[in-house]
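# Coordinates in review
Residues per chain are reported as follows:
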Amino acid sequence: MAKKLMKNRNILILRKYLIIIVGAILMAVSVNLIFEPMELVTGGVSGLAIVVKHLTKNIIEGGFPLWLFTILCNVPLFLLAIKIMGKNFVVSALFGTIAFVLALMVIPIYDLKLDDYLLASILGGAIGGAGIGLIFSVQASTGGTDLIATLFHYYKRHITVPQILIIIDGIIIVIGAIVFGLGNALYAIIAVYINGKVSDGIVEGLKYAKMAYIISDHYTQIADSILHNLDRGVTGLSATGMYSNKERKMLFCVVSKKEIVKIIAISKKIDPSAFVIISDVREVMGEGFIEYRQ
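Residues numbered from 1 in each chain as written. Predicted model: local features only at pLDDT ≥ 70, side-chain atom pairs only at ≥ 80, totals over all residues. Heavy atoms only, no water.

### Focus on the environment of Ala103
- Checked against the element boundaries, Ala103 lands in helix H4 (residues 87-106).
- Using a relative accessible area of 7% as the deciding quantity, one classes Ala103 as buried.
- C-alpha separation for the pair Ala103 and Asn184, spaced 81 residues apart in sequence, amounts to 25 Å.
- If we skip the residues at most four places from it in the chain, Ala103 touches Ala24, Ile25, Ala28 and Asn32. (Helix = DSSP H or I, 4+ residues; strand = E, 2+ residues; numbered from the N terminus. Buried < 20%, exposed > 50% of the residue type's maximum accessible area, 1.4 Å probe, protein only. Contact = heavy atoms within 4.5 Å.)

Right, here's the structure in full:
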């Protein structure tokens, strides 16, 4: 039993670091193949690195390398994080940063000739967001502004990490606007928005479903119909109408997006006056949806 648990633990650790590597590669692809050639500053250390590279083209041939700037920014941050937060805190972030830097070094900077800035913003945001989402999904990061925000939050608990990140990335985008122009900055904001939507979708789950609350005096018939016709579970919750002071059962069930139409049809067929509440569910774990096995 102990060997099996150890094996499962090792598999989970290996899976975590493989996901970090894939995420770092996707982030580097978005930077080297889209953002840097199109001069889109989307925030973060990589965005600042694009600005520095552009400003140093006349000093250093080709400009200051993105990967080297990323290293120089992260080294003092990690030393500070180790001193303040401890070694255990920075392990995953350090691995993510190393993976990202190596990916920036290996993947060549190449202009895909995406003359359409809107297309570049959408594509870059989607690829980068997928990479960030994968890394965040295993509770890791690639250092940089994430680390700055975390360290700042350690001393200013009343300000959340996302709020700090918005401020920091906003400042970097403004710098990008000054260097590359307002037009590029506006497209960069589009990329940031898509980046956030894609990463949130991966972290919070892409298995969308629908949740229904059904209030009806004919709850027994409605529940039986859902159980037998849709083969979905239904839970009866005790509820009290505050106006009538009458106790009744409120049905609760979670179904796929395709099945929600059938839920409404069943409810209205049995009881035309049934009160049905529908809402979105980001992710569902359990029988009939996502099942996790150890």
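Next comes the rest of the account.
### Regarding the packing of aromatic side chains
- According to the stated counting rule, one finds four aromatic pairs in the structure shown.
- Pairing Phe64 with Phe69 gives two aromatic rings, centres 6.5 Å apart and planes at 90°, and the pair type is edge-to-face.
- With a relative accessible area of 18%, Phe64 lands in the buried category.
- Judged by relative accessible area, which is 13%, Phe69 ranks as buried. (Phe/Tyr/Trp six-rings, centres within 6.5 Å; stacked < 30°, edge-to-face > 60°.)

### Here we look at the pattern of salt bridges
- Tallying each qualifying case throughout the model produces three salt bridges.
- Among the ionic pairs, Lys53 bridges to Glu36, the shortest N-O distance being 3.4 Å. Taken as a pair, Lys53 in helix H2 (residues 44-55) and Glu36 in helix H1 (residues 2-38) lie far apart in primary sequence, 17 residues in all. Residue Lys53 shares its accessibility class with Glu36, and that shared class is buried.
- In this structure, Asp280 engages Lys210 in a salt bridge whose closest nitrogen and oxygen atoms are separated by 2.5 Å. One end of the pair, Asp280, is in strand S4 (residues 275-281); the other, Lys210, is in strand S1 (residues 209-215), and 70 residues separate them in sequence.
- Taking the relative accessible area as the measure of exposure, Asp280 reaches 58% and is therefore exposed. (Salt bridge = Lys/Arg side-chain N within 4 Å of Asp/Glu carboxyl O.)

### Observations regarding the packing of H2 against helix H3 (residues 66-85)
- Relative to each other, H2 and H3 sit at 125°, their axes nearing to 9 Å. If you check the angle between H2 and H3, you find them oblique. With respect to the hand of their crossing, H2 and H3 are arranged in right-handed fashion. Touching Val45, Leu48, Ala49, Ile50, Val52 and Lys53 of H2 are Leu66, Phe69, Thr70 and Cys73, all from H3.
- Across the contact of H2 with H3, the residue classes break down as eight nonpolar, one polar and one charged. (Axes fitted to C-alpha atoms, helices over the stretch in contact; angles between N-to-C directions. Parallel < 35°, antiparallel > 145°, perpendicular 65-115°, else oblique. Left-handed = near helix turned anticlockwise from the far one by under 90°. Nonpolar A, V, L, I, M, F, W, Y, C, P; charged D, E, K, R; others polar.)

### A closer look at helix H5 (residues 117-137)
- For H5, which comprises 21 residues, the first-to-last C-alpha distance of 29 Å matches the rise-based estimate of 30 Å (1.5 Å per residue) to within 8%.
- A distance of 2.9 Å separates the backbone nitrogen of Leu118 from a side-chain oxygen at the start of H5, and that oxygen is part of Asp116.
- Just past H5, the residue Gln139 takes up positive phi, approximately 55°. (Expected span 1.5 Å × (residues − 1). Polar contact = N/O pair within 3.5 Å; in protein donor to acceptor, adjacent residues only side chain to side chain.)

### Brief notes about the nonpolar core
- Phe35 and Phe100 are the most contacted members of the largest nonpolar core, which totals 36 residues.
- Of all the secondary structure elements, the ones that give two or more residues to this core are H1, H2, H3, H4, H5 and helix H7 (161-180).
- For this core, the leading source of residues is H1, giving 10 residues.
- Beyond its immediate stretch of four places on either side in the chain, Phe35 contacts Ser30, Leu40, Thr42, Ile50, Gly124, Gly125 and Ala191.
- Among the nonpolar cores identified, the runner-up in size contains 12 residues, and Ile214, Ile226, Cys253 and Ile263 belong to it. (Core = buried A, V, L, I, M, F, W, Y, C linked by side-chain atoms within 4.5 Å.)

### Here we look at the pairing of S1
- The buried fraction of S1 is high, at five of seven residues.
- Pairing of S1 with strand S3 (residues 246-255), which is carried by six bridges, proceeds in the antiparallel orientation. For Lys210, the partnering residue across the bridge sits in S3 and is Val255. (Pairing = 2+ DSSP bridges.)

### Topic: unusual backbone geometry
- Even without glycine at this site, Glu39 takes up a positive phi of about 55°.
- Within the element layout of this structure, Glu39 appears in the loop between H1 and H2.
- Overall, the relative accessible area of 25% leaves Glu39 in the partly exposed class.

### Remarks on the sheet that holds S4
- With antiparallel pairing, four strands are arranged side by side in an open sheet as S2-S3-S1-S4. Only two strands of the sheet have a single partner each, and these edge strands are strand S2 (235-241) and S4. Each adjacent strand pair in this sheet contributes to an overall mean axis angle of 25°, direction not counted.
- Where S2 lies against S3, seven bridges are found, and the strand directions are antiparallel. Within S3, the position partnered with Thr240 by the bridge is Glu247.
- Its contacts with the sheet place helix H9 (residues 219-230) against S1 and S3, and it is angled at close to 15° to S3.
- Strand contacts of helix H10 (residues 260-270): S1, S3 and S4, with the helix running at about 10° to S1, the strand carrying the most contacts.

So, to be careful, I would describe these as geometric facts and stop short of saying anything about function.
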